[in-house]
Amino acid sequence: MNEVSRTVRRLVGGAWRADRGKTVTAFALVLAGAASAPLLAACLGAMTDDLLAGRSGAAALAGAGVAVFAVVSLTFGHFAHVAYFELSELAEIDFDLRLAALSNGTPRTAHHDRPEHADTFTVLQRESRRFHTGLGAVVSAAGLAIAMACTAILLAGVSALLLLLPLAVLPPLVAGRLADRAMDRARQDSAEPTRIALNLFRLATTARHGGELRVSALGPELRERHARLWGTATRRLWRGQLTATVIRAAGLVTFAAGYTGAVLVAVRSAVSGGASPGGVVLVVVLAVQVNQQVTTAVRLMQDLHRMATAHRRLDDLAAAVAEPPAAARHDPPDRLDRGITLEDVSFTYPGTTRPVLTDVRLTLPAGATVAVVGENGAGKSTLVKLLCGLYRPTGGRILLDGVDQREVAPDQWRLRVSAGFQDFVRYELTLRQAVGLGDLPRITEDAVVAAALERAAASDVVPRLPHGLCTQLGRSYADGAELSGGQWQKLALGRAFMREAPLLLVLDEPGSALDPEAEHTVFERYAAQARRIGRSVGAITVFVSHRLSTVRTADVIVVLDEGRVTEIGDHATLMAAGRTYAGLFTMQSSAYAFDDRHPANEAPTQPIAGSGPGRRKPGQG
Ligand SMILES: Nc1ncnc2c1ncn2[C@@H]1O[C@H](COP(=O)(O)OP(=O)(O)OP(=O)(O)O)[C@@H](O)[C@H]1O
C-alpha cells in the first residue's frame, strides 16, 4: 500500500508542478461528475415517492435534478480528461527518462551484462507505455472515493444494514491484488523469451541484415525461433491471465451475493413500512452503482498497483546498478607524465565465471602509441573497455600516472578519453551532429567538425552527400542519406577525433568496415595526432587491429592470448624474439605479399586465414 501511495504522490506532485490550474480543474470536474451519479439515484427515489404521492411539482423538480445529474455524470469526466491528458503524458515521459538514465546514465556498463537486469529493463520498457493512464487513474480514484462516500450516506438513510454493502467490496479488492501478483509473475517469467524474440524480430526486419540473412538462408529458421519464443511467452502470459481471471471472478461472485442481500434488505424494509417505494428504487439503482464502483476500484487499484510495482522495480534497479562511491575522488590528471600502468589486472564479466583477462601486467608509457593484437576472443576489446573505465577490473588495478583509476570519477576520466569502438553507433542525425556528438559543447562548430573529419581521414564523405554537413543521415527519414558501412565507420572515427587533447585515444578495430588503405591512413593520422598531443599532454594511443602491417609502427605492441599478455615490445624486438607475433607477421606478409618497408601496401582483414581479398595477391609482387 505504501508503494501505491508513493506512486500517487509522485503522479499528483508531477502534475501539480507542471500545471496547477489544470490539475485543480481536472480534480474538480471528476469529483463533481462522480458525486452526481449517486445524487441522480437520490433524485430518482424522490421523484418516485413524489409521483406516488401525487406531488407533481416536486416530482418535476426531482426529474430536472435527474436530468442535470445525468448530464454532469456523463460529460464532466470527458472535460476532465482534456485538462489532465497532457499532464498524464508527462508522467510517461518522466518514467522513460528515468529508465533511460538508468540504462545509459550510469558510469559503467556492467549492468547490461546481467540477464536479470536485462529482463527487468524489458519489463519496464513495456510497463512505461501504461504510465500515460496513471494520472487518470489517480483522478478517477479520487472521484470514486467521493461517489462511494455519497452512496454510503444514501444507503444508510434507507437501512443501516445496507452500510455493510461496501464491505462486499473487500473480497474483490483482495482478489484483484492477488490476481495482479499472478500476472506480474507471468510477465516476469515471459520477459526472457520476449526479449530474445524481440531481438530476433529486429534482426529479421532490419534492412542492413537482409543480405546476410538471405545468403545464409537464415530467414525460415529465424521466423521459426521467433514464433517458438513468442509462443512460449504468450503461453506463460495466458496461464497468468487465466489464473488472474479466476481469482478476480471469485472476488466478484462474493460481491454479487452482497448485492442480492442488499436488495432483499430494502424490499423487507419497504414491506415493513421502514422505507418508501422511492427508497427501494434508490437502493436498486445505487447497488448497481456500487457494483460499478467496485469494478472500477479493482481496476484502478490494479493500475495503480502495477504502476507502483514498476516504480519499485525501477528503484530496485537503480539501487542494484548504483556503484558505491569511491573511497577518495581525484580529478583525472591534466597530463600524463609516466603513463598508464596495469598491475595484475584480471577481469571476469558479470554473471560469468571464466576470467577474460588474467594478471595483465603492462605499462603504457606517456605519449606512446600502443597496438594490441591477438586472436578473436583474446580479450583486446575488454582491455580497451577497462582502460576507458566502462568496467572495473575484478582483480588488480589500473594506475593513471600513479593514481588508482577507481579513485577517479569514471565520467570525468572519460571526458579525457576519445574512442572509436568496433560496434560503433549509426546516429541518424545530420552529418554535423553525428560527428559533433564526440564533443558536445562544440557540436555546432563547423570548423571543428571539419577538422575532426580531416584527422579521421573521413573528409571525403562530405562532398558525396547532397547537403554536406547539413545532410540528414539514415533510412528512418524520407530524405535521409544512407551510407556504406565504411562511411558510417569513418563518421564514428570523426567523432572519436572531436576532442583535441584527450589523455587516451582508443581505436578498436577501425578496419572492420574500412579498406586497408583507409585503415592505415587513419592509423597514421591517429599516430600523428597522438604524437602531437603526446608531446603536449602525454596522451597514449591504443589501437586494436588484426592487420599487423598497420600496427607495426606502434611504439609498443602487446600480444594477448586467452586473456594473458604473452609478448610486449616494438616490432623489431618482437620479430627478433621469433615467437607468436613474428610467426603471424611472417605468415601475413607472405600470404599477402606486402612490402615490409611500406606498411600500407597490404590488405588482409583476417590475420591468419588468408581468405581476405588483398589489394596485392601472392605472386603479384
Ligand atoms: N559482455 C560480455 N559478457 C560476457 N562475456 C563477454 C562479454 N563481452 C565479451 N565477452 C567474452 O570475453 C572474451 C573476450 O572478448 P573480447 O571482445 O574482449 O575479445 P577480442 O580480443 O576483442 O575479440 P575480437 O578480435 O573478436 O574482437 C570472449 O570470450 C567473449 O566471449
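- Where an unreviewed UniProt entry is consulted, the chain appears under the name ATP-binding cassette domain-containing protein, with the organism given as Nonomuraea mesophila.
- Regarding the chain, the UniProt comment filed under Subcellular location (unreviewed entry) reads as follows: "Cell membrane".

Points about the environment of Val408
Here is step 1: Within the element layout of this structure, Val408 appears in the loop between β5 (403-404) and α11 (410-414).
Here is step 2: Classification of Val408 as buried rests on a count of 22 C-beta atoms within 10 Å.
Here is step 3: If we skip the residues at most four places from it in the chain, Val408 touches His330, Pro332, Leu400, Val403 and Trp413.

A few points about the sheet that holds strand β1 (residues 339-347)
Here is step 1: Sheet architecture is open: four strands sit in the order β2-β1-β4-β5, paired in antiparallel fashion. In this open sheet, the two edge strands, each paired with only one partner strand, are β2 (357-365) and β5.
Here is step 2: Pairing of β1 with β2 involves six bridges; the strand directions are antiparallel. Bridge pairing in β2 places Ile340 opposite Leu364.
Here is step 3: Helix α10 (residues 380-387) contacts β1, β2 and β4 (395-400) of the sheet and is inclined by roughly 120 degrees relative to β1.

A word on the nonpolar core
Here is step 1: In terms of nonpolar packing, the biggest core is built from 77 residues, with Val370, Leu387, Val506, Phe543 and Ile557 touching the most fellow members.
Here is step 2: If you count residues domain by domain, this core takes at least three from each of domain 2 (366-392 + 404-416 + 503-621) and domain 3 (423-501).
Here is step 3: With residues up to four places along the chain from it excluded, the contact list for Leu387 reads Ile340, Ile398, Leu504, Val506 and Val542.

A look at the packing of helix α3 (residues 56-104) against helix α5 (residues 134-158)
Here is step 1: Across the interface, α3 lies against α5 with an axial gap of 7 Å and an inter-helix angle of 135 degrees. Here α3 lies oblique to α5, going by the angle between them. Only Gly134, Leu135, Gly136 and Val139 of α5 make contact with α3, whose side of the interface consists of Ala80, Tyr84, Leu87, Ser88 and Ala91.
Here is step 2: Looking at the contact of α3 with α5, its residues break down into six nonpolar, three polar and no charged.

Digging into the site of the ligand
Here is step 1: Near the ligand the following residues occur: Asp113, Tyr349, Thr352, Val356, Gly374, Asn376, Gly377, Ala378, Gly379, Lys380, Ser381 and Thr382.
Here is step 2: No other element matches α10, which puts three residues into the shell around the ligand.
Here is step 3: Class assignment of the residues belonging to the shell around the ligand gives a composition of three nonpolar, seven polar and two charged.

Things to note about the UniProt feature "transmembrane region" (unreviewed entry) in the chain
Here is step 1: Per the UniProt entry, the sites bearing "transmembrane region" (unreviewed entry) are residues 26-47, 59-80, 134-155, 161-179 and 245-267 in this numbering.
Here is step 2: This span, residues 161-179, is 53% helix and 0% strand, and a straight line between its end C-alpha atoms measures 30 Å.
Here is step 3: A helix fraction of 100% and a strand fraction of 0% characterise residues 245-267, whose end C-alpha atoms lie 33 Å from each other.

A word on the environment of Ala577
Here is step 1: Secondary-structure assignment places Ala577 in helix α17 (residues 571-577).
Here is step 2: It is 9.2 Å that separates the C-alpha atoms of Ala577 and Glu567, two residues lying ten residues apart in sequence.
Here is step 3: Ala577 has contacts with Glu567 and Ala582, leaving out every residue within four places of it along the chain.

Details of the pairing of strand β3 (residues 369-374)
Here is step 1: Extensive coverage of β3 is indicated by the burial of six of its six residues.
Here is step 2: Covered by surrounding structure in β3 are Thr369, Ala371 and Val373 together with Val370, Val372 and Gly374, the residues of both alternating faces.
Here is step 3: Taken together, the four bridges between β3 and strand β8 (residues 540-544) define a ladder with parallel strand orientation. Paired with Ala371 across the bridge in β8 is Phe543.
Here is step 4: With five bridges connecting them, β3 and strand β9 (residues 556-561) associate as parallel partners. Counted as the bridge partner of Gly374 is Leu560 from β9.

Thoughts on helix α4 (residues 115-128)
Here is step 1: Along its 14 residues, α4 runs 20 Å from first to last C-alpha, staying within 8% of the 20 Å computed at 1.5 Å per residue.
Here is step 2: Those residues of α4 lying buried are Thr120, Phe121, Val123, Leu124, Glu127 and Ser128. Down the axis of α4, the buried side of the element spans an arc of 170 degrees, and every buried residue falls inside it.
Here is step 3: Among the structural elements, α3, α6 (170-205) and α9 (277-321) are those in contact with the buried residues of α4.

Analysis parameters
Residues numbered from 1 in each chain as written. Predicted model: local features only at pLDDT ≥ 70, side-chain atom pairs only at ≥ 80, totals over all residues. UniProt positions renumbered as here; feature names shortened; annotations may be inferred. Helix = DSSP H or I, 4+ residues; strand = E, 2+ residues; numbered from the N terminus. Buried ≥ 20, exposed ≤ 12 C-beta atoms within 10 Å, placed from the backbone. Contact = placed C-beta atoms within 7 Å. Pairing = 2+ DSSP bridges. Axes fitted to C-alpha atoms, helices over the stretch in contact; angles between N-to-C directions. Core = buried A, V, L, I, M, F, W, Y, C linked by C-beta atoms within 7 Å. Domains from an automatic or database assignment. Parallel < 35°, antiparallel > 145°, perpendicular 65-115°, else oblique. Nonpolar A, V, L, I, M, F, W, Y, C, P; charged D, E, K, R; others polar. Near = placed C-beta within 6 Å. Expected span 1.5 Å × (residues − 1). Arc of directions from axis to C-beta.

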